[in-house]
Amino acid sequence: MLERKIYSELIEWKRKRKEEKLSKCLIVKGARQVGKSYIIKRFGENEYDSFIEINFYEHPELKAIFDGEITSDAVYKRITANIPGIRLVPGNTLIFLDEIQRCGNARTAIKFLAEDFRFDVISSGSLLGLAYGMDADKEVDEVESIPVGYESTLTMCSLDFEEFLWANGYSKDSVLELKRYLGADEQIHESVHNKYESLFREFMVVGGMPEVVKDFVQYKDFNRVFDIQNSIINEYQDDISKHAKGREKQYVRMCYDAVPKQLAKELKKFQYSTVEKGQTRRKYGGSVQWLIDSGMVNPCYNISEPFIPLMANAKEDQFKLYINDTGLLTCLYGFETKRAILNNTIKGNARGGLYENVIAESLVKRGYKLYYYKPDDNHELEFLLEKDGSVVPLEVKAGNTASVSLNSFISDFSPSSAYKLIANRNGKAGVKETLPHYMVVFI
């Protein structure tokens, strides 16, 4: 059984519903195959006396529950009429509306269910991030009235490195032992560093998709990892074919295929010309946005000025894209790339792109929005973070080369802290803290 950090957030939402009378249902979003349905089912079965799942994909006939009047009394009455053998226990029932994008009336009804404290309601589904009108699936119901103010949103990702370690038998206490080196003068012991650096490369290859991690923990077989990841990628491609509209199907697929190519070249921004020679945002901008909204890629925007709020200084036409799970990225590159990562023999620009991707993924899982800073042709910082009320620069090195851009930023803007992530052990020099890649889970 995989332990996930989001479980504690589900517990906190339940507490607020009960103790603070939070009049909001919960909606869990995230890319396909990250474990949304699994964790909600586990939560419902463990934390409530009664758990009721309504899956609109497996049981489209249950959409009738939300036909006609959608007051809470009417909905709960129709639930008992349509699902035999269930128990509605006031104050101790969770109702899970899965694949809610297939029942627009159910999403509209959330407003009324949220204000009724007899039962708790969580919804989830595939591609919920797609904007109105962007989904071509005829089974998807566009929502007439979004329940604004009546939904708390959680975004779920695949496992991060810390969760990956838990799955592989490392205790929380042993993992947290690493955290004490953050901000410390003491250097990580070489044997400890070598172990975790090797495990981090393993994480880059296996990734965090729950199905993959669960199988890897049991069999320790990288060939099986590769096969399962291929299946997930095929599902992503099927999603594009099913949900993107018209010619966008081809365009979205072309943009997705371009991301690993651009990362391997360490391009300074996403270039539409690598998707199709001579083309621009006008043709492919909507396709890129589709990938972002689906959760299949993480965007990182260039900043004109490194000041809070970073989003106000973002250049919307200058961005990079990172694959949402580095295990999937290494699968897209092929098995020999996985072998080279595990053996620490990978070279060239692809090495830098891979480390950028896994750090980007890790930062998103820590709750950060992604921004980078490239003020001129000679300087570039991979990431800028909004942390503790200030802007914190973070430089990523596949090895341990000079920090020209980071040093220049420190000199120009005097940040309170700055990070350099490398393949070697930790150290400090003024506000600049050098850390191994795997320490990103604590930043």
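The shown structure was predicted, so the numbers you read here are calculated from the model rather than taken from an experiment.

Asks: So what exactly am I meant to see when it comes to the packing of helix H1 (residues 6–19) against helix H2 (residues 36–47) here?
Replies: A pair of packed helices is captured by two measures, namely the crossing angle of their axes and the spacing between those axes. Direction vectors running N to C along H1 and H2 enclose 50°, while the axes themselves pass 11 Å from each other. Accordingly, the angle class assigned to the pair H1 and H2 is oblique. Note on packing geometry: the crossing formed by H1 with H2 is right-handed. Contacts between H1 and H2 involve Ile 6, Tyr 7, Leu 10, Ile 11, Trp 13 and Lys 14 from the former and Ile 39, Arg 42, Phe 43, Asn 46 and Glu 47 from the latter. A breakdown of the residues in the contact of H1 with H2 according to their chemical character gives seven nonpolar, one polar and three charged.

Asks: What am I meant to see in the nonpolar core here?
Replies: It is characteristic of soluble globular proteins that their nonpolar side chains tend to be buried jointly. Core analysis: the largest hydrophobic core is formed by 101 residues, its most contacted members being Phe 161, Trp 290, Ile 359, Phe 383 and Leu 394. When sequence neighbours within four positions are dropped, the list of residues in contact with Leu 394 reads Ile 359, Leu 363, Leu 381, Glu 382, Phe 383, Leu 385, Tyr 419, Leu 421 and Ile 443. Core analysis: the second largest hydrophobic core is formed by 26 residues, Ile 52, Ile 100, Ala 109 and Leu 113 among them.

Asks: Honestly, helix H7 (residues 190–206) in this entry has me stumped. Any pointers?
Replies: For an α-helix the count is 3.6 residues per turn, leaving residues at separations of three or four pointing the same way. Over its 17 residues, H7 extends 24 Å from the first C-alpha to the last, a length consistent with the 24 Å expected when each residue adds 1.5 Å. Of the positions making up H7, those classed as buried are His 193, Tyr 196, Glu 197, Leu 199, Phe 200, Arg 201, Glu 202, Phe 203, Met 204, Val 205 and Val 206.

Asks: What is the right way to look at unusual backbone geometry in this model?
Replies: Glycine aside, residues mostly have negative phi angles, and peptide bonds mostly take the trans form. Backbone torsion omega between Ile 308 and Pro 309 reads -5°, so that peptide bond is classified as cis. Turning to its location among the elements, Pro 309 is positioned in the loop between strand S6 (297–303) and strand S7 (314–323). Even without glycine at this site, Leu 127 takes up a positive phi of about 55°. You can see Leu 127 is positioned in the loop between strand S4 (120–124) and strand S5 (151–155). We note that Asp 388 has phi near 55°; this positive angle belongs to a residue other than glycine. With respect to the helices and strands, the residue Asp 388 is situated in the loop between strand S10 (383–387) and strand S11 (390–396). Given the relative accessible area of 74%, Asp 388 is considered exposed.

Asks: Help me out: how do you make sense of the packing of aromatic side chains in this one?
Replies: The description of an aromatic ring pair uses the distance of the two centres, along with the angle that the planes make with each other. Scanning the entire structure with this criterion turns up 25 aromatic pairs. On the basis of an interplanar angle of 85° and a centroid distance of 5.8 Å, the ring pair of Phe 226 and Phe 335 is categorised as edge-to-face. One end of the pair, Phe 226, is in helix H9 (residues 222–243); the other, Phe 335, is in helix H13 (residues 335–342), with 109 residues separating them in the sequence. Grouping aromatic residues by their ring pairs yields a cluster made of Phe 161, Phe 164, Phe 200, Phe 203, Phe 216 and Phe 222. Over the ring of Tyr 219 we find Arg 224, and its NZ or CZ is 3.9 Å from the ring centre.

Asks: What should I look at first to understand the sheet that holds strand S8 (residues 371–376) in this one?
Replies: Strand pairing within a sheet occurs via backbone hydrogen bonds; the two strands may be parallel or antiparallel. Taken together, four strands build an open sheet; the order of strands is S7-S6-S8-S9 and the sheet is mixed. The open sheet has two edge strands, S7 and strand S9 (379–381), and neither has a second partner. Going across the sheet, the axis of each strand differs from the next one's by a mean of 25°, ignoring polarity. Note: S6 against S8, two bridges, orientation parallel.

Asks: Would you mind going over the sheet that holds strand S1 (residues 25–29) with me for this structure?
Replies: Spatial ordering of the open sheet is given by S2-S3-S4-S1-S5, a layout of five strands whose pairing is parallel. Both outer strands of the open sheet, strand S2 (50–55) and S5, are each paired with one neighbouring strand and no more. Averaged over neighbouring strand pairs, the angle between their axes works out to 20° when direction is ignored. Taken together, the four bridges between strand S3 (residues 93–98) and S4 define a ladder with parallel strand orientation. Residue pairing for S4: Leu 94 is matched across the bridge by Asp 120. Relative to the sheet, H1 contacts S1, S3, S4 and S5, its axis offset from that of S4 by approximately 145°. Strands in contact with H2 are S1, S2, S3 and S4; relative to S3, the strand with the most contacts, it is inclined by about 165°.

Asks: Can you walk me through the environment of Gln 318 in this structure?
Replies: Mapped onto the fold, Gln 318 is located in strand S7. Since its relative accessible area comes to 22%, Gln 318 is described here as partly exposed. Residues Gln 318 and Tyr 372, spaced 54 residues apart in sequence, show a C-alpha to C-alpha distance of 9.8 Å. Excluding residues that lie within four positions of it along the chain, Gln 318 makes contacts with Lys 269, Cys 300, Tyr 301, Asn 302 and Tyr 372. A distance of 2.8 Å separates the side chain of Gln 318 from the side chain of Asn 302, its partner in a polar contact.

Conventions and cut-offs
Residues numbered from 1 in each chain as written. Predicted model: local features only at pLDDT ≥ 70, side-chain atom pairs only at ≥ 80, totals over all residues. Heavy atoms only, no water. Axes fitted to C-alpha atoms, helices over the stretch in contact; angles between N-to-C directions. Helix = DSSP H or I, 4+ residues; strand = E, 2+ residues; numbered from the N terminus. Parallel < 35°, antiparallel > 145°, perpendicular 65-115°, else oblique. Left-handed = near helix turned anticlockwise from the far one by under 90°. Contact = heavy atoms within 4.5 Å. Nonpolar A, V, L, I, M, F, W, Y, C, P; charged D, E, K, R; others polar. Core = buried A, V, L, I, M, F, W, Y, C linked by side-chain atoms within 4.5 Å. Buried < 20%, exposed > 50% of the residue type's maximum accessible area, 1.4 Å probe, protein only. Expected span 1.5 Å × (residues − 1). Phe/Tyr/Trp six-rings, centres within 6.5 Å; stacked < 30°, edge-to-face > 60°. Lys NZ or Arg CZ within 6 Å of the ring centre and 35° of its normal. Pairing = 2+ DSSP bridges. Polar contact = N/O pair within 3.5 Å; in protein donor to acceptor, adjacent residues only side chain to side chain.

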